[in-house]
Amino acid sequence: MDLLNAIVALSNFVLIPAMAYGSQLALGALGVTLIYGILRFSNFAHGDTMSFGTMVVILFTWLFQSWGLSLGPLPVALLALPFGIAITALLVLGTDKVVYAYYRRVKAKPIVLVMASIGVMFVLNGVVRLIIGPGDQNFADGARFVFTARDFKEWSGLAEGLALKSTQLITVITAAIVVALLFWFLNRTRTGKSMRAYSDNEDLALLSGINPERVVAITWIIVAALAAIAGTLYGLDKSFKPFTYFQLLLPIFASAIVGGLGSPLGAIAGGFVIAFSEVMVTYAWKKVVTYIVPETWAPDGLLQLLSTDYKFAVSFAILVIVLLFRPTGLFRGKSV
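The present account deals with the structure reproduced in this document.

Calculation rules
- Residues numbered from 1 in each chain as written.
- Predicted model: local features only at pLDDT ≥ 70, side-chain atom pairs only at ≥ 80, totals over all residues.
- Heavy atoms only, no water.
- Helix = DSSP H or I, 4+ residues; strand = E, 2+ residues; numbered from the N terminus.
- Rg over C-alpha atoms; globule rule 2.2 N^0.38 Å.
- Buried < 20%, exposed > 50% of the residue type's maximum accessible area, 1.4 Å probe, protein only.
- Contact = heavy atoms within 4.5 Å.
- Areas by Shrake-Rupley, 256 points an atom, 1.4 Å probe, with all protein chains shown as cover.
- Lys, Arg positive; Asp, Glu negative; His and termini not counted.
- Charge placed at Lys NZ, Arg CZ, Asp CG, Glu CD.
- Axes fitted to C-alpha atoms, helices over the stretch in contact; angles between N-to-C directions.
- Parallel < 35°, antiparallel > 145°, perpendicular 65-115°, else oblique.
- Left-handed = near helix turned anticlockwise from the far one by under 90°.
- Phe/Tyr/Trp six-rings, centres within 6.5 Å; stacked < 30°, edge-to-face > 60°.
- Expected span 1.5 Å × (residues − 1).
- 1 Å grid on protein atoms, 1.4 Å probe; cavity = no way out; pocket = protein on both sides within 12 Å on 5 of 7 lines; lining within 4 Å.
- Points joined across faces, edges and corners; volume = space filled by probe spheres on them.
- Salt bridge = Lys/Arg side-chain N within 4 Å of Asp/Glu carboxyl O.

1. Focus: the overall build of the protein
Along the backbone of the protein there are 14 helices and two strands. Its C-alpha radius of gyration of 21 Å places the protein within 12% of the 20 Å reference for a compact globule of 336 residues. Dimensions of the protein, computed from C-alpha atoms along their principal axes, come out at roughly 70 × 55 × 40 Å. Taken across its 336 residues, the protein has 49% of its residues classed as buried. For the protein, the share of sequence-separated contacts (at least 6 apart) that also reach a separation of at least 24 residues comes to 74%. In the structure as shown, the protein presents an accessible area of about 16,100 Å², 67% of it carried by carbon and sulfur atoms. The protein carries 24 positive and 17 negative side-chain charges, and their two centres are separated by 11 Å.

2. Thoughts on the packing of helix 11 (residues 249–259) against helix 14 (residues 311–325)
Across the interface, helix 11 lies against helix 14 with an axial gap of 9 Å and an inter-helix angle of 30°. It follows that helix 11 is roughly parallel to helix 14 by the angle criterion. Helix-helix and strand crossings are classified by hand; for helix 11 and helix 14 the assignment is left-handed. Residues L250, P251, A254, I257 and V258 of helix 11 lie in contact with helix 14, whose contacting residues are F312, S315, F316, I318, L319, V322 and L323.

3. Things to note about the packing of aromatic side chains
The tally for this structure, following the rule as stated, stands at 15 aromatic pairs. Here Y102 and Y103 contribute two aromatic rings whose centre-to-centre distance is 5.3 Å and whose plane-to-plane angle is 70°, an arrangement assigned as edge-to-face. For Y103, a relative accessible area of 26% gives the class partly exposed. An aromatic cluster is defined as three or more aromatic residues linked by ring pairs; in this entry it consists of F60, F64, W67 and F83.

4. Some details on the packing of helix 1 (residues 2–39) against helix 11
Taken N-terminus to C-terminus, the directions of helix 1 and helix 11 make an angle of 75°; their axes are 8 Å apart at the nearest point. As judged from the angle between their axes, helix 1 and helix 11 are roughly perpendicular. Along its contact with helix 1, which presents Y21, L25, G28, A29 and V32, the element helix 11 presents P251, I252, F253, S255 and A256.

5. Some remarks on helix 2 (residues 46–66)
Here helix 2 is 21 residues long and its end C-alpha atoms lie 30 Å apart, about the 30 Å a rise of 1.5 Å per residue gives. Helix 2 sits mainly inside the fold: 15 of its 21 residues count as buried. Backbone geometry just downstream of helix 2 places G68 in the positive-phi region, at approximately 85°.

6. With respect to helix 4 (residues 110–132)
Taking 1.5 Å of rise per residue, 23 residues should cover 33 Å, and helix 4 covers 33 Å from first to last C-alpha, within 8% of that figure. Residues of helix 4 that are buried include every one of L113, V114, A116, S117, V120, M121, L124, N125, V128 and I132, and no others. Looking one or two places after helix 4, you find G133, whose phi comes out positive at around 95°.

7. Some words on unusual backbone geometry
Although it is not a glycine, R40 adopts a positive phi angle of roughly 65°. Accessibility expressed as a relative area gives 27% for R40, which makes it partly exposed. Positive phi, normally seen in glycine, also occurs at K107, with a value near 55°. Taking the relative accessible area as the measure of exposure, K107 reaches 70% and is therefore exposed.

8. With respect to empty space enclosed by the protein
If you walk through the whole model with that rule in mind, you get one cavity of 30 Å³ or more. Of the volumes computed, that of the largest cavity is approximately 60 Å³. Considering the residues around the largest cavity, the lining is formed by N43, A45, T49, L91, V92, T95, Y100, V120, L124 and W220. When residues of the lining of the largest cavity are assigned to their parent elements, the largest contribution, four residues, is made by helix 3 (residues 77–105).

9. Concerning the pattern of salt bridges
Using the criterion set out here, one finds five salt bridges in the structure. We note a salt bridge from R40 to E202, for which the minimum N-O separation is 3.7 Å. One end of the pair, R40, is in the loop between helix 1 and helix 2; the other, E202, is in helix 8 (residues 202–207), and 162 residues separate them in sequence. The partner of D237 in a salt bridge is K238, and the shortest N-O contact between them spans 3.1 Å. Relative accessible area serves as the criterion here: at 8%, D237 is assigned to the buried category. Taken together, the shared-partner salt bridges in this structure form one network comprising K165, D237 and K238.

This is how it looks when you write it as structure tokens:
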């Protein structure tokens, strides 16, 4: 029975939260790796693109709620998400025309595009704060839990409870659907194959008649969709605060680099590696260990390696180790 309680506690505080967080990081890292693989630069504005897309979803959610619209147990944000994707796509396409297209035309070095993306990042950060404010914004509605810890205790008879938030379930299901659609698009459609060919060898792709402007535009639209979806899922699961999305840039880039920049499969794997590492290192293991070991061996301390305030330090440490010993990542993407 104690072993079951330990498994339940581990699932409740580590496995389920890390699975949801990993899904959010994986979607964010997919956007970063697509830009790096196809447009060949590191887009430091991606975190604030997520913030912008989520802000649009929040504004439409509030509008729909003021009209009395409801999706029952599901959050209204899911109804607002297509509008967030569309407006974010217009934003990134406009940004590409105004900022990045010139540097591609003059064949500027990747570092120039990186610096330009940092400028875009600061502009987007300021715009989001100006429109919606710098504070926390809660836009989740519908059913909060699929089942609560109390319901689980009554059903199982265990001392430890297990709760599953509806936003966690929505995150995992949505991420699985989005990833499946993306891989189908990249591997089965003519446009997706054109994007892969352009990523592998730009000169050869151009000689084959592939339209580079069309590839670039479609890439930005996909990245906008991934950013808006990832940002909205993160905001529903936690809360929305513009500066939080700026901080998310580190674990997102760490996920992309750990998996292998330019590798979509690597971005997904890297997202879960970073998520589970952050959660496991910052979790206080006392409760789980107490169930497993004899009572006389019960620890006095929390058995917590790092405070949750330092969870991004875990991403940074993993990033440094990967860059030092395996710069191509787990799935041998492009070397950093």
